[in-house]
Every structure is written in structure tokens, then in C-alpha cells.
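# Tertiary structure, described
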Amino acid sequence: MPSVLFAHENFPAQFGGIAGYLAARGWEVVFATAAEAFPRDRLVRLPETGLRVMGYARHRDVAPATHRYLHGTERAVLNGQGLARAAIRLRRQGFVPDLVVAHSGWGSGSFARAVWPEARFVPYLEWWYNYPPVDMAAETGESAEDRHAAALCRNLPFLLDLQGADAILVPTAFQRDQLPDWLAARATVIHDGVDIDALIHPPPDMPPFTLDGLPETAPLVTYATRGMEPMRGFPQFMADLAKLQAEDARVHAVVAGEDSVHYGGRLPEGESWKARALAAHDFDMARLHFTGRLPPKRYRALLRRSDVHVYLTRPFVLSWSLLDAMAAACPLVVSDTAPVREAVPPDAARFVDFETPGEIARGIAAVLAEPAASRAMGGRARDHAAAHYAQSVLHPRREAFFRAVIEGRGLPGQ
């Protein structure tokens, strides 16, 4: 059977599912990661999946004198060096992969073929920076020319990977379409997939979602992303939630996730978008619940309890949380943006212009007003997710893609 090295800054991230699937299929799989939980000098076997994992690390941080346009590039080169050193140790132990798959932009796989020249190389490319930015990220104080130059330089780590790539893997057509034409033509679109079965068929012993202060019969609005940030429409959601609370005294809301920013510009030290929202609007805090980041089972139980799940994003990388909510058959209120339109059929959610004040609140109210029709809408979302985004559908496609790359055949899925 073939052998593959997955390289990612984090673990298990986008590669955990497919790595476990290939290992179960008999592939020889090694996962290299910068996650601090794993030793840098040896492989660790995880008993639950059978995966073998080795850590790697940068030997230093970015030099203070480095031009700010090049901070990301220098960090990527240092990451690439760290992975290459780990790869040399693996080679000495007899591991020579047929294929290296690396999350592009971090530099993790940039020098893998310097260690294993015969290995095929596939960068997993999530985002290409264009100017003006399609995601409409908040502008900073620099000039347009400065921002344009910085955006060009942010693509340098990708180009370092792409010059030696045998193929390019991207998760959505929207993300592929951000690439220049000469790269988009080489990209294969296969999503990571979500664990549909865990959401559609929860274990019999899964307890229902409960929370102090949340009545069992209260209409529940849910919002769940990693952080609370403008890229995911958090300020607009909170503004409209205050409006909804004022209009409907029954409604409760659960916000799951961290009070942090993962995408886009940071606020000044000590400030947060959550704090700003709570200061700007008059909430009934007895009906607004912040849970922090939830463990997987409790998160799935929350989605199954939801009467309306709100997912908003600027034109950017699509969150897994939307697909999770679809798989759980949540009635959805979603942003009318390109990545969402790609994933959600028109009849499987209520689409809103989340930049227009009041649109989110009106969308939520409309869904709550027709529970039977809304549940049917959620069922259509679930069926679409099961057909197009289930790991059971997409893992075999990825395996076929990887085999085609290894064998140098015409690639499927293009």
C-alpha cells in the first residue's frame, strides 16, 4: 500500500479525518505537526486511530530586522526547515513516503522534496490573497499601495510550495476561484468532509443539550464559530439579536466559541468584539448564554436543540460549523455570500444580507414563525450535506486523487 506524510501546523486540523481513513485502509501514514503536544525526536502512535505522529518546530522566531512584508515568508521558511529536520530523522528510520500533503502557507512542506526527491507533493491551499481583498477585511491605516504590496508578499509562501507541486488541492470551488487562472487550472476541488453520521445518527446515550437558565421549550437561536469577529458577522449578529430580544420575549440565544479573533484585524489590546457588543446594545442577559468552546458531543447536542442556527461570513474560507449545522438539520439563517451559496441550496436556508441592519433579526423571526416549514428546510440542508459533504463520500474521492498523483495519472475531480 502507498505511504503518505501529512504536514500541518496543527493537529488533527484538516488532515485528521483523511489520515485516519487512509491508515484504516492500510496506507502507511505519518503526521508531522508543530503542535506542542508531540515530541520532536520520535514518532508517537495514537492508539485510537493508529496514526503515527512526530512534532517539528522552528529553531528561532522571525528576526526583528526582517521587513514586515516578509514576516510570513520568513516564518514559513523557518517552519520548512523544522519539518525538513524532522523528515531527515524519519528517513533515517526508514520512512520514505510516496506522497507528501502539506497545508500551504505555513511552509510546513516546502522543503519535503529536498529530503525525499522522489516523493510526490500536494499543497493543500486554503486562500490566495488578492487586492482589493474579496473578503472585505477591515482596512488599516496604511495606504492602498502599501496594502496592495503587502498582499502580494503574503502569497510568497504559497509560491514556494507551488513551484514543486504535482497537484493542488482546495476544499471549495470558491477558494479555487481566488487563484490566478494558471493555478486554478491545476487545482482539484475536494472538501474535507464532516462526520455526518455523528450528527444525523447520534448515539442513543447522548444527553440532550441543557443549560442553567435555558427553558426546555424556549425558542433557541444558536451561533457557533471559533471566534467572535467581523469576518463571521459577529457584530451584526449581536446588534440584530438585541433587536430580536426586544421584539420577542420568548427567544433565548446561545453563542458558542471563544472571545477571540482568528481572521482579520485585531482590536487594540484589552478590547474584544464581545465586550464591544455588550456595551453597545441592551441585552436581556438572562436570555443570552455564552458557553465558550464546547466539546464535540455537547456541540452536536446544541445543534440538535437549535430552532434557528445563524451562520454568517464575508467571502472567505467556509467554516465547518455551517456543514455541521446542515448535517444536524438545523433551520438556517445564513449570509448571502458566495462560499455559502456554493454549500447551501436556495431552498435549504433563509439567506440574508447581514450588512443590512435588521435583516438577520427578520430572517430569524420568519424561521421561528413557521416551525414546520423551517424543519422541512433543515431536512433539505441535511440531505444535501449527506450527499455532498459526508466524509464517507469525500474520503474515497481523496484517496483516489492521492493515488492518481502518486501514479502520475490524469487527476480526478478537475
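Shown above is the structure to which this text applies.
Procedures and definitions
- Residues numbered from 1 in each chain as written.
- Predicted model: local features only at pLDDT ≥ 70, side-chain atom pairs only at ≥ 80, totals over all residues.
- Heavy atoms only, no water.
- Helix = DSSP H or I, 4+ residues; strand = E, 2+ residues; numbered from the N terminus.
- Rg over C-alpha atoms; globule rule 2.2 N^0.38 Å.
- Buried < 20%, exposed > 50% of the residue type's maximum accessible area, 1.4 Å probe, protein only.
- Contact = heavy atoms within 4.5 Å.
- Areas by Shrake-Rupley, 256 points an atom, 1.4 Å probe, with all protein chains shown as cover.
- Lys, Arg positive; Asp, Glu negative; His and termini not counted.
- Charge placed at Lys NZ, Arg CZ, Asp CG, Glu CD.
- Axes fitted to C-alpha atoms, helices over the stretch in contact; angles between N-to-C directions.
- Parallel < 35°, antiparallel > 145°, perpendicular 65-115°, else oblique.
- Left-handed = near helix turned anticlockwise from the far one by under 90°.
- Phe/Tyr/Trp six-rings, centres within 6.5 Å; stacked < 30°, edge-to-face > 60°.
- Lys NZ or Arg CZ within 6 Å of the ring centre and 35° of its normal.
- Nonpolar A, V, L, I, M, F, W, Y, C, P; charged D, E, K, R; others polar.
- Salt bridge = Lys/Arg side-chain N within 4 Å of Asp/Glu carboxyl O.
- Polar contact = N/O pair within 3.5 Å; in protein donor to acceptor, adjacent residues only side chain to side chain.

### A short note on the overall build of the chain
- Of regular secondary structure, the chain possesses 16 helices and 14 strands.
- In terms of overall size, the chain behaves like a compact globule, its C-alpha atoms giving a radius of gyration of 22 Å where 414 residues would be expected to give roughly 22 Å.
- The dimensions of the chain, computed from C-alpha atoms along their principal axes, are 65 × 55 × 40 Å.
- When the 414 residues of the chain are sorted by exposure, 52% land in the buried category.
- Within the chain, contacts between residues at least 6 apart in sequence are counted, and of these 69% link residues at least 24 apart.
- Here the chain has roughly 18200 Å² of accessible surface; of this, 53% comes from carbon and sulfur atoms.
- Looking at the chain, you have 44 positive and 47 negative side-chain charges, and the mean spots of the two groups are 5 Å apart.

### Looking at the packing of helix H9 (residues 234–247) against helix H14 (residues 359–369)
- For the pair H9 and H14, the least separation of the axes is 8 Å and the interaxial angle reads 55 degrees. By the criterion of interaxial angle, the relationship of H9 to H14 is oblique. The way H9 lies across H14 gives a crossing that is right-handed. Between H9, through Gln236, Phe237, Asp240, Lys243 and Leu244, and H14, the contact on the second element is made entirely by Glu359, Ile360, Ala361, Ile364 and Ala365.

### Quick word on the packing of aromatic side chains
- All chains considered together, the criterion is met by 15 aromatic pairs.
- Considering the side-chain rings of phenylalanine 15 and tyrosine 124, the 5.6 Å spacing of their centres and the 85 degrees angle between planes classify their relative orientation as edge-to-face. Taken together, the positions of phenylalanine 15 in the loop between strand E1 (3–8) and helix H1 (16–24) and tyrosine 124 in strand E6 (residues 120–124) put the pair 109 residues apart, joining distant regions of the chain. Across the pair, tyrosine 124 and phenylalanine 15 agree in class, each one buried.
- Between phenylalanine 95 and tryptophan 116, the ring centres sit 6.0 Å apart and the planes meet at 90 degrees, which makes this aromatic pair edge-to-face. Here tryptophan 116 lies in the loop between helix H3 (112–115) and E6 and phenylalanine 95 lies in the loop between helix H2 (71–92) and strand E5 (99–103), a separation of 21 residues in the sequence.
- Phenylalanine 95 sits in the buried class, given a relative accessible area of 4%.
- Take tryptophan 116: its relative accessible area is 2%, and that puts it in the buried class.
- Each residue in the set Phe6, Phe11, Phe15, Phe31, Phe38, Tyr124, Phe401 and Phe402 is aromatic and connected to the rest through ring pairs, giving one cluster.
- Residue placement shows arginine 276 over the ring face of tryptophan 273; its charged tip is 5.1 Å from the ring centre.

### Some remarks on unusual backbone geometry
- Geometrically, the link from phenylalanine 11 to proline 12 is a cis peptide bond, its omega value of 0 degrees lying close to zero.
- Here proline 12 lies in the loop between E1 and H1.
- Here the phi dihedral of alanine 13 falls at roughly 50 degrees; this positive angle occurs in a residue that is not glycine.
- Looking at the element boundaries, alanine 13 is found in the loop between E1 and H1.
- The class of alanine 13 is partly exposed, set by a relative accessible area of 24%.
- For alanine 329, which is not a glycine, the phi torsion comes out positive at approximately 65 degrees.
- In this structure, alanine 329 sits in the loop between helix H12 (320–327) and strand E13 (332–335).

### As for the packing of H14 against helix H15 (residues 371–388)
- In contact at an axis separation of 5 Å, H14 and H15 are set at 105 degrees when each is read in the N-to-C sense. Overall, the two elements H14 and H15 adopt an arrangement that is roughly perpendicular. Contacts between H14 and H15 involve Val367, Leu368 and Ala369 from the first element and Pro371, Ser374 and Met377 from the second.
- The class makeup of the residues in the contact of H14 with H15 is five nonpolar, one polar and no charged.

### Structural notes on the pattern of salt bridges
- Counted under the stated rule, the structure contains 23 salt bridges.
- Note that lysine 243 and glutamate 247 form a salt bridge whose closest N and O atoms lie 3.1 Å from each other. Of this pair, lysine 243 and glutamate 247 both sit in helix H9, four residues apart, roughly one helical turn.
- Of the residues examined, lysine 243 reaches a relative accessible area of 35% and is grouped as partly exposed.

### So, the side chain of serine 319
- Residue placement: serine 319 occurs in the loop between strand E12 (308–311) and H12.
- The exposure class assigned to serine 319 is buried, which follows from its relative accessible area of 12%.
- Within the structure, the side chain of serine 319 is placed 3.3 Å from the side chain of arginine 232, a separation counted as a polar contact.
- Polar contacts involving the side chain of serine 319 include one to the side chain of tyrosine 311, which spans 3.0 Å.
- In contact with serine 319, other than residues within four places in its own chain, are Arg232 and Tyr311.

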